[in-house]
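Reading the structure
Listed here are the chains, written in short residue letters.
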Amino acid sequence: MTLLKRLRLGLSLSLAMLLSPVFAQESNPKSIADNWIMVAKDGQQEKFEAAFVEHLKFRKKHGDPRQWHVYTPTVGDDLNHYVVRSCCMSWGDFDDYSKWGTKNKIGEHFRKNVGKYVASYKHHLVKLDFENSHWPENTPPHKYYGVVTYSPRMGHAKDIQDGIKTIGKEAKAMKWDRLWMWGWRVGGEGALSLVFPFENFDAMKPPKVSFMENFAKQYGGEEKASAFFKKWGKSFKTTDYTIYRHRPELSMSE
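Everything in this summary refers to the structure shown in the same document. Just so you know, the residues in each chain are numbered from 1, in the order the chain's sequence is written. Note on the predicted model: pLDDT of at least 70 is required for a residue's local features to be given, and 80 or more for side-chain atom pairs to be given and counted; whole-chain, interface and lining totals, by contrast, use all residues. The side-chain figures draw on all heavy atoms in the structure; neither hydrogens nor water molecules are used.

We now examine the nonpolar core. Nonpolar side chains in soluble globular proteins tend to end up buried together. Counting 27 residues, the largest nonpolar core has Tyr150, Trp182, Leu192, Phe211, Phe215 and Trp232 as the members making the most contacts within it. Helical segments are the DSSP runs of H or I of at least four residues, strand segments are the runs of E of at least two, and each set is numbered from the N terminus. Secondary-structure elements contributing two or more residues to this core are strand S5 (144-152), helix H5 (157-173), strand S6 (180-186), strand S7 (192-198), helix H6 (211-219), helix H7 (222-233) and strand S8 (236-246). Pairs of residues are marked as contacts when any of their non-hydrogen atoms sit within 4.5 Å. Once residues lying within four places of it in the same chain are set aside, the contact partners of Phe211 are Ile167, Ala171, Met174, Trp176 and Phe229. Buried Ala, Val, Leu, Ile, Met, Phe, Trp, Tyr and Cys residues form a nonpolar core when they are joined through side-chain atoms within 4.5 Å. The cut-offs for exposure are 20% and 50% of the maximum accessible area for each residue type, with area from a 1.4 Å probe on protein chains only; residues under the lower value are buried, those over the upper are exposed, and the others partly exposed. In this structure, Ala40, Trp68, Tyr82 and Tyr97 belong to the second largest nonpolar core, which totals 20 residues.

We now examine H7. Take the residue count of a helix, subtract one, and multiply by 1.5 Å to get its expected span. With 12 residues, H7 should reach 16 Å at 1.5 Å per residue; the first-to-last C-alpha distance of 16 Å fits that figure. Within the span of H7, buried status applies to Ala225, Phe228, Phe229 and Trp232. Along the long axis of H7, the arc covered by the buried residues comes to 90°, so they all point the same way. Exposed and oriented more than 90 degrees from the buried face of H7 are Glu223, Lys230 and Lys231. Think of the arc as the fan of directions from the helix axis to the C-beta atoms.

This part is about the environment of Val84. Tracing the chain through its elements places Val84 in strand S3 (residues 82-89). Residues Val84 and Thr72, spaced 12 residues apart in sequence, show a C-alpha to C-alpha distance of 9.1 Å.

Attention now goes to H6. Buried within H6 are the following residues: Phe211, Phe215, Ala216 and Tyr219. Projected down its long axis, H6 shows its buried positions confined to an angular sector of 135°, all on one face. Directly beyond the C-terminal end of H6, a positive phi value near 120° is found at Gly220.

Attention now goes to the pairing of S5. Within S5, eight of the nine residues are buried, which leaves it mostly tucked inside the rest of the structure. Relative to S7, S5 is paired through seven bridges, and the arrangement is antiparallel. Opposite Gly146, over in S7, you have Phe196 as the bridge partner. Strands are labelled as partners when DSSP assigns at least two bridges between them.

Pairing of strand S2 (residues 69-75) with S8, which is carried by four bridges, proceeds in the antiparallel orientation. Paired with Val75 across the two strands is Ile243, which belongs to S8. Two elements, S5 and S8, share nine bridges in a ladder whose sense is antiparallel. Among the inter-strand pairings, Thr149 is bridged to a residue of S8, identified as Asp240.

Right, let's talk about the state of the cysteines for a bit. By definition, disulfides here are pairs of cysteine sulfur atoms that lie within 2.5 Å. Counting across every chain of the model gives one disulfide. The partner cysteine of Cys87 in its disulfide is Cys88, sulfur to sulfur 2.0 Å. Looking down the S-S bond of the Cys87 and Cys88 bridge, the torsion is 80°, so its handedness is right-handed. Here Cys87 falls in the partly exposed class, since its relative accessible area comes to 31%. A relative accessible area of 29% means that Cys88 is categorised as partly exposed.

Taken by themselves, the reported measurements are silent on function.
So this is what it looks like as structure tokens:
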């Protein structure tokens, strides 16, 4: 990472912590996910994947303390990227990990062996909201993940977070049987994500009684629930939905 990118990331982190209420309290100190988005050069996907697998062997040989999981989109508007993700860390863990990487020349090995097949990178951290989510510890990997990405309007962070708390509270009260995770992106353009895991496509079919119907019953009626989501929706410029497939053959776990 260049010095300019490091400065931009540091500035983004500082601004996010100052402006966003999600950083006000740390109910779970190990709640940061590290996400790299990589786009392979045209026609180089197979070489990228082969080199990436060899790089993971190098990391494992040198005692990488993290697990890394890779996901590729199967449904959505942007299908040519890889998401390389590790979770979950505290802020201080990044200092220790950086020291480990420097000591073992991890970045040098990646650039020499994998980087030549990569057209572009994006690097985000994601602050996970465990308090308002339902994602039990040690949840095993699923085959698919539906990811809703919300693009917030400036100045609406508190309204958004209040809405997340309400949705989480009511979903838990109705004992909604889905798993879900909220997360705030740190770095680059700010975004809110909502993730649902699925074992297969059949598991994605809508339930007989929709979430909105259950929410309305729990929240005080259809009119009140509709008004809540209409107001909450005004806090966002756009939304996007992508289905990702977990790639265990490209991942590194215990």
